[in-house]
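Breakdown of the fold
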Amino acid sequence: MSTLVRPVAIRAAHGRGPMLAPTLPQPVADPPIGREELLRQARERLRQGPGALLHGPAGIGKSKLLTVLANEAAAAGVRVLRCTPAEAELRLPFVCLIDLLGPVSDETIARLPGGMGTALRAALLRGTVPHSDQDRLKVQLAVLHLLRELSARTPVWLVIDDLQWVDRPTAQVLGFVARRTADLPVRVLAAERAPEGGSPAYVDLVPPDIAEFAVAPLGLSDVAAMLDQYTGAKLPPPTVRQIHRASGGNPFYALELARALPPDQCALAPGELLPIPSRLRAVLLRRLRELPDPTRSVLLLASTADRPTLTLLGKVDGEADFAHHLAVAERLGVIKVGADGLIQFEHPLVRTAIYADASSKARRAAHADLASAVVEPVERARHLALAHPAENEQVAATLAEAAASARRRGAPTTAAELAALAAQRTPSDEGTLRTERLLAAAEYACDAALRGEARRLAEQVLGQSASPAHRTAARILLLRCAGNSLGEVSPIIAQGLAEVAGDPGLEAKLRCWSARVELVVGHVMAAAVFAREAAQLARRAGDPLTEISALTTLAHSHGLTGDPAGRAALEQAFELAAHNPAAAWGPAGLWEPVRREALYDMQADRLASAERKVTALLDRAGDAIGVEDLCTILITQTDIRVRAGACRGATQSAQRALRLIEDFSDACGPVLFAAALAETAGGTLARALYYAEAGLAASRADGDQHGLVRNLAVLGRIHLLADEPARAVEPLREAEGIERRIGITDPASGNWHADLAEALVAVGESEEAAQLIATVGEQARRLGRRSVITALDRSDALRLAALGNLAEAAVRLRATAEQQANLPLERVRTLLALAQVERRRRHPGAARDALAEAQRLAADAGATLWAEKIERERGRLGEPIAQAGAGVDNAALTGAERRCAELAAAGATNREIAAALFVSVKTVEATLSRSYRKLGVRSRTQLARMLAEAAPQPARLRAS
């Protein structure tokens, strides 16, 4: 495993007040999914303030978070006193206090002065129960005195789960103590059940300035990860989305719903109900069982509507007193009616449970009522379908029309659901029409990246239809469902070609896919042959859409080799689209030629033009294309922006692509590459490495050679950024070998060869680096790839420096930097290399000047990782680097020395410090020795004490 991916649990040496323990609390290896940031904030407040109060609805995960934090504290030497009250024990006096102080011995309590020990022992049922007010005051004073005594030896945490169930006598003790422990190393960690969006009601039981944290519902991706972890199987994305929607992101509800799924865990069919376990349904509906039937009918109607409002229910049942029934439900807390008349259920799962608890006849009646009342065509069609489950052409036609409307509006998921319902409602004797509707549903599902659903529908067509056109369309949908995993799809194409022999139009479609498959698996020349053949067949058949697609694939093939024939093919595609505007958009329409043209501009360093084209393409394409096609455009935009030094924009593009696929598809190598690339420019090394390694695994699994090259290349760059050239060489060499084998000869397609040359120089392989620079440089000059040439010039200058020719290297680097005026990140890298060479030449002034310009450029671009490398180089120059909160003399330590000192003071080993700062262990040892001499200390203990004493303290803790 890479040193970058191994977590190094290190705390900064800025702990506040007397809460510092000999060993600081360390984060758990596997925190609850989706709660990492909340835990980080809670830890910070527990270090700095009197405690943390977590609040949220039942099942949201408060208890688990308390357990994680309490266990961390206990492991760090904190004395944890905990209680978990229950509603059934609310009337039992002092029961929570008994739990809290159970671990405290009788001997300790007996030492309390002034009769306090006797009173407290009585409250703990170790003596007579206190009855008088004086006895109760003695109990409160005894607990306060006991906490003073216990915390004098080690910090103490009071951990209280379900604060709302604390018995009244204990609550009085807690309130008394909470107002009097400001000067003690005592922290309160509590959880309280409160409605979502509400505020805690029992704050008088905790310190006045305690930090409050609302535990929010989990997002869709976090619920998916949690279900994967706890069920041991990957549920279909549509099922996960249904569980997330029904559970409202509540972890407990989501797990209960997942456990109730059928054993095969297949995706639910359109309109199929999500099973709700009986025990969960009983909990959710216990207040509704006694309601009269009319009230429950109104609630069923509200639960059935997509957007229930008073106006809508009035249309359905204008004569009934539905407002009265809603008022009854509102008093129970089941629903809430907003000022705009919108009816909201207390939780999405209550709504689901009401619907699931009704009979099928009652549900159909509710859908029928709503179908006659709603105006919006898509919603009306859905209600109509669910009200009439039998085959009915009128219903099917309405659904098909609504599906097409939803797709035009950019809602492919809704379109897929409606189209599948349309196929189900189509009469069996309408075989051709039913097949066409199945194909439409599969295409919409593909657009939404619902691969499992699309594959199921396409296979259904292959099993039912004998039409070559329908079967070819189904096979193409199966190919689309394969994503980047095209290595095993050749039989699908071969079987299809055998069926359509002699039909140039259908054969052209399949030949076009043959070309795409060859590109992915790494046969560039074969791809060009198939693409050219597909274009010719499509022209014969009069199919402009397929011809545009084939010509674009041909341009792609030639673009990888720098062949000018690629430009000619692209011009043909544009000319064809201009004469056939109806064929311009769609899965293989004009958007792909425009993207390809933007890539040509990028490779030729016309970055502003490339950005304009791809941005305009995104604006125009909008929702007209599918999720995965949109991701492809965003990947291109990310690449363009990184090369142009627009780091923040690159991160936005990559994150948008990640959000698009994370809820729909399996790991996608190209999108993960884009995310890693953006992180190398304006993110963090940890995230960059995570994305690159995940993308590499996905590309290997898919057999995607292009994705493999790109993820290997970005992985090499990450290790270079981390000052790990030896680790960079291996993936970059592999990328070079793959490119050579599959026939990619245009170095601008990836622009990473200079990284390999730089890594080779750093590990002493100067001869291999020189050969690489010469070979790639010759090809780059032939094709006019200026950015590649200047990057190679930088690597060659570093090679000269490694050979001892420092003066010549400095001259070369200055000249290269001048040529990179329009490539800010490349210029930053060159200036940084120049500073390193000037430092070695003992020209600190020239090195500082280069670093100052590099720092300005990196800041303007938002290039955080390169800014960090510049900071490290400044530290090597011995420049003092001011840091917020540092209490030792800024002039005494350099930036590198300060970082080493702080990590050492926090308890990190030399090896952990080396991994965190990306230096060798020997460098850490030497740096710490210098720091000790400068600060006049002899041990890590003295160092930690100096840093802690010099750190600014919050006013409340300074007073102590």
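Our structure's up above, just so we're on the same page.
Now for a description of the structure that goes with this document.

Procedures and definitions
Residues numbered from 1 in each chain as written. Predicted model: local features only at pLDDT ≥ 70, side-chain atom pairs only at ≥ 80, totals over all residues. Heavy atoms only, no water. Phe/Tyr/Trp six-rings, centres within 6.5 Å; stacked < 30°, edge-to-face > 60°. Buried < 20%, exposed > 50% of the residue type's maximum accessible area, 1.4 Å probe, protein only. Lys NZ or Arg CZ within 6 Å of the ring centre and 35° of its normal. Helix = DSSP H or I, 4+ residues; strand = E, 2+ residues; numbered from the N terminus. Contact = heavy atoms within 4.5 Å. Salt bridge = Lys/Arg side-chain N within 4 Å of Asp/Glu carboxyl O. Disulfide = S-S within 2.5 Å. Core = buried A, V, L, I, M, F, W, Y, C linked by side-chain atoms within 4.5 Å. Expected span 1.5 Å × (residues − 1). Pairing = 2+ DSSP bridges. Axes fitted to C-alpha atoms, helices over the stretch in contact; angles between N-to-C directions. Parallel < 35°, antiparallel > 145°, perpendicular 65-115°, else oblique. Nonpolar A, V, L, I, M, F, W, Y, C, P; charged D, E, K, R; others polar. Left-handed = near helix turned anticlockwise from the far one by under 90°.

Considerations on the packing of aromatic side chains
Geometry of an aromatic ring pair is reported as the spacing of the ring centres plus the angle between the planes. Inspection of the entire model under this criterion finds two aromatic pairs. Here the aromatic rings of Phe 252 and Tyr 253 are separated by 5.9 Å at their centres, their planes lie at 55°, and the arrangement is tilted. The exposure class of Phe 252 is partly exposed, given its relative accessible area of 39%. The exposure class assigned to Tyr 253 is buried, which follows from its relative accessible area of 12%. When the ring centre of Tyr 355 is taken as reference, the NZ or CZ atom of Arg 363 above it lies at 5.4 Å. Just above the ring of Trp 513 sits the side chain of Arg 516; from NZ or CZ to the centre is 4.7 Å.

Focus on the side chain of Arg 595
Along the chain, the position of Arg 595 falls in helix H28 (residues 591-603). On the basis of relative accessibility, which here comes to 10%, the residue Arg 595 falls in the buried class. Other than its neighbours up to four places away in sequence, Arg 595 contacts Leu 617, Thr 632, Ile 633 and Thr 636.

Section: the pattern of salt bridges
Oppositely charged side chains may form a pair once their charged atoms are brought near each other. Taken as a whole and assessed by the stated rule, the structure comprises 52 salt bridges. Arg 872 is the salt-bridge partner of Asp 723, the closest N and O atoms lying 3.3 Å from each other. Residue Asp 723 is located in the loop between helix H34 (705-721) and helix H35 (725-742), and its partner Arg 872 is located in helix H42 (residues 864-876); the two are separated by 149 residues in the primary sequence. When its relative accessible area of 28% is taken as the criterion, Asp 723 is described as partly exposed. When its relative accessible area of 11% is taken as the criterion, Arg 872 is described as buried. Glu 871 is paired through a salt bridge with Arg 874; the nearest N and O atoms lie 3.1 Å apart. Of this pair, Glu 871 and Arg 874 both sit in helix H42, separated by three residues, roughly a single helical turn. Both residues of the pair, Glu 871 and Arg 874, count as buried. Salt bridges sharing common partners tie together Asp 723, Arg 839, Lys 869, Arg 872, Glu 873 and Arg 876.

Looking at the state of the cysteines
Chemically, a disulfide is nothing more than a covalent bond linking the sulfur atoms of two cysteines. Per the stated rule, a full pass over the model turns up zero disulfides. Considering cysteine sulfurs only, Cys 96 is the nearest to Cys 83, which forms no disulfide, with 4.6 Å between them. When its relative accessible area of 2% is taken as the criterion, Cys 83 is described as buried. The cysteine Cys 481 is free of any disulfide, with Cys 446 supplying the nearest cysteine sulfur at 3.7 Å.

Some points on unusual backbone geometry
Phi is positive for Asp 605, close to 65°, though the residue is something other than glycine. Assignment of secondary structure puts Asp 605 in the loop between H28 and helix H29 (607-621).

Overview of the nonpolar core
Counting residues in each nonpolar core, the largest one holds 131 residues, and the members touching the most others are Val 671 and Leu 825. Not counting chain neighbours up to four residues away, the residues in contact with Leu 825 comprise Val 642, Gly 645, Cys 647, Ala 681, Ala 861, Ala 863 and Trp 866. Residues Leu 220, Met 226, Leu 257 and Leu 300 belong to the second largest nonpolar core, which totals 51 residues.

Observations regarding helix H33 (residues 685-702)
The terminal C-alpha atoms of H33, which comprises 18 residues, lie 25 Å apart, in line with the 26 Å expected from a rise of 1.5 Å per residue. Those residues of H33 lying buried are Leu 685, Ala 688, Leu 689, Tyr 691, Ala 692, Gly 695, Leu 696, Ala 698, Ser 699 and Asp 702. The first or second residue beyond H33 is Gly 703, which carries a positive phi of 75°.

Focus on the pairing of strand E4 (residues 186-193)
The buried count for E4 comes to seven of eight residues, which makes it a mostly enclosed element. By the bridge criterion, six bridges tie strand E1 (residues 51-56) to E4 in an arrangement that is parallel. Following the sheet pairing, Ala 52 is matched in E4 by Leu 189. Bridging between strand E3 (residues 156-160) and E4 involves five bridges; their strand directions are parallel. By the bridge assignment for E4, Val 156 is matched with Val 186.

Looking at the packing of helix H11 (residues 278-285) against helix H15 (residues 348-357)
Where H11 meets H15, the axes come as close as 10 Å, and the angle between the chain directions of the two elements is 110°. Taken together, H11 and H15 sit at an angle that is classed as roughly perpendicular. Contacts from Leu 280, Arg 281, Leu 284 and Leu 285 of H11 reach H15 at Leu 349, Val 350, Ala 353, Ile 354, Ala 356 and Asp 357. By residue class, the composition of the contact of H11 with H15 is eight nonpolar, no polar and two charged.

Here's the deal with the packing of helix H40 (residues 824-840) against helix H41 (residues 844-861)
Here H40 crosses H41 at 160°, and the two axes come no closer than 8 Å. As judged from the angle between their axes, H40 and H41 are roughly antiparallel. Two packed elements cross with a definite hand, and for H40 against H41 that hand is left-handed. Contacts between H40 and H41 involve Leu 825, Arg 827, Val 828, Leu 831, Leu 832, Leu 834, Ala 835, Glu 838 and Arg 839 on the former and, on the latter, Ala 846, Ala 847, Ala 850, Leu 851, Glu 853, Ala 854, Leu 857, Ala 858 and Ala 861.

By themselves, these observations are geometric and do not establish any function.
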